[in-house]
Amino acid sequence: MSIVWRLQWISRILLRYMENTRASECLLQSVGGEYKDVKISEGISYIGRSPETQIQDVFCSRKQVMLKADFSQRVIEIVPQGMNNSGLNGQELEKKKTYQGRHGDVLEVVSGKYFYKILFTLDSGETSEVSGKRKLDKKAENETGSSKTPAKVAKIEVKSESIEALDGNKLFVWTSSGIVSSAKIASYDIDGTIIKTKSGNVFPKNIDDWQLAFAEVPGKLKKFHTEGFKIVFFTNQAAISKKKLRIEDFTGKVKRIVAKINVPVQVFIATGSGIYRKPMIGMWRTLEEKFNDGIRIDMQESFFVGDAAGRPAAAGRKKDHSCSDRLMAVNLSLTFSTPEEHFLGSKAVSWTRPEFDPKVSTAKNLLEPSDAKLQRDEQEIIVMCGSPGSGKSSFVKSNFKGTKYEIVSRDKLGTWQKCVSAAQGVLQRGKSVVVDNTNPDIESRKRYSELAKQCKCRCRCFLMNTSAAQARHNIVFRELTDPAHVKVNDMVLNSYKSKFREPQTSEGFDEIVKVNVVQRFDKKEHEELYRMFLLDK
């Protein structure tokens, strides 16, 4: 018997029980406990700004919403009265119109604010919802449909709302009550997908500057929830690590969003750079390994929806700020949709692929021209030329360390003056030298071509044939696999780009040799990581 079937069976039993039982009490329970719970008497009452609720907002009337509770039918008639709109289950309500609220529905006293869940208590003293933490006592068939693989013991309904901090606060996982683990994951970005700003700004003015991005959001998520999907949000929130946003404030916002949708959700919050930040897959792997009760995720059934999809500008729409959502899905081989495709049924639009695709392995000769020699018998200076992250040092170490060539590195010596002096000493000892430095311009390279003339030896320039996009990818990969490595920011890369002049033989070089990067990996997991998209555009 599957977990989803058991849940549906329990729900039917509860509904039959409720149909024959009169409620003894109705409670408006403050979502997140930000305001006081309110007991509703049978008959007409009001909720709004008052000492009873502790709501002090002047935009909330004292009689913001009129309520008429019917304990026998377990429904509340809801009539908005205030100057500002109210809401129910994520939808705005029209003033003076009558709506019905039932057990489990969420009332927004003011639209987007002051969320209260409607709870009826039955005459037996029980609330009409399954509560607490319960687990299946028997083994169930694995949710992927394989009867051969025994499923882990899985929760029917998880513990109450919680938040966990992982890996030194690089990742937070907020879980609402009522979440159920599943083989099917319906996952979403938050900003620009589930919500948008009320102000119309790209970035919210404050923690309350949000509204649902589409009226279809609550209904769509409820549909997937009832079909046995686990609803999961994945969001990048670098402002938390930069101390511009408190995790408490953001999770408070998440609570209000989830209350408005009124569906159990688990939220993964990446607070900075690193393996958790989309498009990298650290958040998804954490879901698989620690937050799905051991149930194997069916990647064919699951999907991800996000607005960072790499779409170019079109009529009425700016180009996407990045491609991080789509590329995370690509890294996972997961079905991807934009919010417009998913919620509105819009046609898919083209997107701009990143310049560098790490999944494409290009079989090239190490050196161009193909007849170029890596090492020569006669004495020479090899002047390396290439941006940070282009693979210079790895190339030099792999091909010249322990040979008759000595390596002179500015990273180790610190200044170009020391490098020139060290290179001169090597040549005076009758050996050849490789100068490992970026050497972007004529001036920096001329120091060594002039030295070669003085010492009457050959001089070649080895130019790294690495694009700026691949260099950025290499830098991120290097930081992930070697935390001790010195970080390189965009300012350094841009400085190199502005100085770069392609080397010519007229500078005094006997030959210009282009070097193609041929990646080698010590560990299989390093190669798997390198073949993923690590940059968001």
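Residues numbered from 1 in each chain as written. Predicted model: local features only at pLDDT ≥ 70, side-chain atom pairs only at ≥ 80, totals over all residues. Heavy atoms only, no water.

Novice: Can you walk me through the overall build of the chain in this structure?
Specialist: For the chain, the helix and strand inventory stands at 14 helices and 27 strands. For the chain, buried positions account for 48% of its 537 residues. Approximately 27,200 Å² of the chain is accessible, and the part contributed by carbon and sulfur atoms is 48%. (Helix = DSSP H or I, 4+ residues; strand = E, 2+ residues; numbered from the N terminus. Buried < 20%, exposed > 50% of the residue type's maximum accessible area, 1.4 Å probe, protein only. Areas by Shrake-Rupley, 256 points an atom, 1.4 Å probe, with all protein chains shown as cover.)

Novice: Got a minute to help me understand the sheet that holds strand β19 (residues 266–270) in this structure?
Specialist: Taken together, the seven strands give an open sheet; going across it, the order is β13-β14-β19-β18-β15-β20-β21, and neighbouring strands pair in mixed fashion. The sheet is open, and its two borders are formed by β13 (162–166) and β21 (335–337), each paired with just one other strand. The sheet shows a mean angle of 20 degrees between the axes of neighbouring strands, direction not considered. Bridge analysis of strand β15 (residues 185–188) against strand β18 (residues 230–236) gives four bridges, and the strand direction is parallel. Across the sheet, Ile-185 pairs through a bridge with Lys-230, a residue of β18. (Pairing = 2+ DSSP bridges. Axes fitted to C-alpha atoms, helices over the stretch in contact; angles between N-to-C directions.)

Novice: When you look at helix α6 (residues 324–332) in this model, what are you seeing that I'm missing?
Specialist: An α-helix turns once every 3.6 residues. As a result, residues three or four positions apart point the same way. Most of α6 is tucked away: eight of the nine residues are buried. Along α6, the positions that sit buried rather than exposed are Ser-324, Asp-325, Arg-326, Leu-327, Met-328, Ala-329, Asn-331 and Leu-332. Following α6 by one or two positions, Ser-333 adopts a phi angle in the positive range, close to 55 degrees.

Novice: How should the sheet that holds strand β5 (residues 75–80) be read in this particular structure?
Specialist: Strand order in this open sheet of four strands is β3-β4-β5-β8, and the pairing throughout is antiparallel. The sheet terminates laterally at β3 (43–47) and β8 (99–102), the two strands that pair on one side only. For this sheet the average axis-to-axis angle between neighbouring strands, irrespective of direction, equals 30 degrees. Pairing of β3 with strand β4 (residues 65–70) involves five bridges; the strand directions are antiparallel.

Novice: Quick question: what am I supposed to make of the confidence of the model for the chain here?
Specialist: Parts of the model with low pLDDT should not have their predicted coordinates read in detail. In the predicted model, the chain carries a mean pLDDT of 87, and the fraction of residues at 70 or more is 89%. Here residues 128–156 scores under 50 on pLDDT; set against residues more than four positions off or in separate chains, the count is 58 contacts. (pLDDT = per-residue confidence, 0-100. Contact = heavy atoms within 4.5 Å.)

Novice: Looking at this structure, how should I read the pattern of salt bridges?
Specialist: A side chain of one charge can pair with a side chain of the opposite charge if their charged atoms are brought near each other. All told, the structure shown has 25 salt bridges when counted by the stated rule. In this structure, the salt-bridge partner of Arg-447 is Glu-443, at a minimum N-O distance of 3.9 Å. Taken as a pair, Arg-447 and Glu-443 lie in helix α11 (residues 442–455) at a separation of four residues, close to a single helical turn. On the basis of relative accessible area, Arg-447 is assigned to the partly exposed category, the value being 22%. For Glu-443, a relative accessible area of 55% gives the class exposed. Between Arg-472 and Asp-490 there is a salt bridge whose closest N-O contact spans 3.4 Å. Of this pair, Arg-472 sits in helix α12 (residues 468–481) while Asp-490 is found in helix α13 (residues 490–499), placing the two residues 18 residues apart along the sequence. Classification of Arg-472 by relative accessible area gives partly exposed; the value is 26%. Through salt bridges with shared partners, one network takes in Arg-311, Arg-317, Asp-320 and Glu-340. (Salt bridge = Lys/Arg side-chain N within 4 Å of Asp/Glu carboxyl O.)

Novice: In this structure, what is going on with the packing of aromatic side chains? I would like to understand it.
Specialist: For any two aromatic rings, the description comes down to two numbers: the centre-to-centre distance and the angle of the planes. Under the criterion given, the structure shown has 21 aromatic pairs. With 5.0 Å between their ring centres and 55 degrees between their planes, Phe-224 and Phe-303 make a pair best called tilted. Note that Phe-224 is positioned in helix α2 (residues 217–226) and Phe-303 in strand β20 (residues 303–305), a separation of 79 residues in sequence. Taking the relative accessible area as the measure of exposure, Phe-303 reaches 11% and is therefore buried. Ring centres of Phe-268 and Phe-291 lie 5.7 Å apart, and the angle between their planes is 85 degrees; this geometry places the pair in the edge-to-face category. You can see Phe-268 sitting in strand β19 and its partner Phe-291 sitting in the loop between α5 (282–290) and β20, a full 23 residues away along the chain. Three or more aromatic residues link up through ring pairs in this structure, and these residues are Tyr-188, Phe-214, Phe-224, Phe-229, Phe-233, Phe-303 and Phe-343. (Phe/Tyr/Trp six-rings, centres within 6.5 Å; stacked < 30°, edge-to-face > 60°.)

Novice: When you look at the state of the cysteines in this model, what are you seeing that I'm missing?
Specialist: Here is the idea: a disulfide is a covalent bond, and it sits between the sulfur atoms of two cysteines. All chains considered together, the criterion is met by zero disulfides. The thiol of Cys-385 is unpaired, and the distance to the nearest cysteine sulfur, on Cys-461, comes to 5.0 Å. Judged by its relative accessible area of 0%, Cys-385 is buried. (Disulfide = S-S within 2.5 Å.)

Novice: Honestly, helix α8 (residues 392–400) in this entry has me stumped. Any pointers?
Specialist: The set of residues buried in α8 consists of Lys-392, Phe-395, Val-396, Asn-399 and Phe-400. The buried residues of α8 occupy one face: seen down the axis, they fall within an arc of 95 degrees. Exposed side chains of α8 directed beyond 90 degrees from the buried face belong to Ser-394, Lys-397 and Ser-398. (Arc of directions from axis to C-beta.)

Novice: Can you walk me through the packing of helix α10 (residues 416–428) against α11 in this structure?
Specialist: For any two helices packed against each other, one specifies the inter-axial angle together with the distance between the axes. Packing of α10 against α11 brings their axes to within 11 Å, and their N-to-C directions diverge by 25 degrees. Our classification of the angle between α10 and α11 gives roughly parallel. Here α10 and α11 pass one another in a crossing that is right-handed. Across the interface between the two elements, Trp-416, Cys-419, Val-420, Ala-423, Gln-424 and Leu-427 from α10 touch Arg-447, Tyr-448, Leu-451 and Cys-455 from α11. Looking at side-chain class alone, the contact of α10 with α11 contains eight nonpolar, one polar and one charged residues. (Parallel < 35°, antiparallel > 145°, perpendicular 65-115°, else oblique. Left-handed = near helix turned anticlockwise from the far one by under 90°. Nonpolar A, V, L, I, M, F, W, Y, C, P; charged D, E, K, R; others polar.)

Novice: Honestly, the nonpolar core in this entry has me stumped. Any pointers?
Specialist: Soluble globular proteins tend to bury their nonpolar side chains together. Grouped together as the largest cluster of nonpolar side chains are 35 residues, with contacts concentrated most on Tyr-188, Ile-194, Leu-221, Ile-231, Phe-233 and Ile-261. Every element with two or more residues in this core is listed here: β14 (171–175), β15, α2, β18, α4 (247–261), β19 and β20. For this core, the element with the most residues is α4, which contributes seven residues. Apart from the residues lying within four places of it in its own chain, the contact partners of Ile-231 are Ile-179, Ala-186, Tyr-188, Leu-221, Phe-224, His-225, Val-263, Pro-264, Val-265 and Gln-266. Core analysis: the next-biggest nonpolar cluster, separate from the first, contains 32 residues, Leu-171, Phe-234, Leu-287 and Tyr-530 among them. (Core = buried A, V, L, I, M, F, W, Y, C linked by side-chain atoms within 4.5 Å.)

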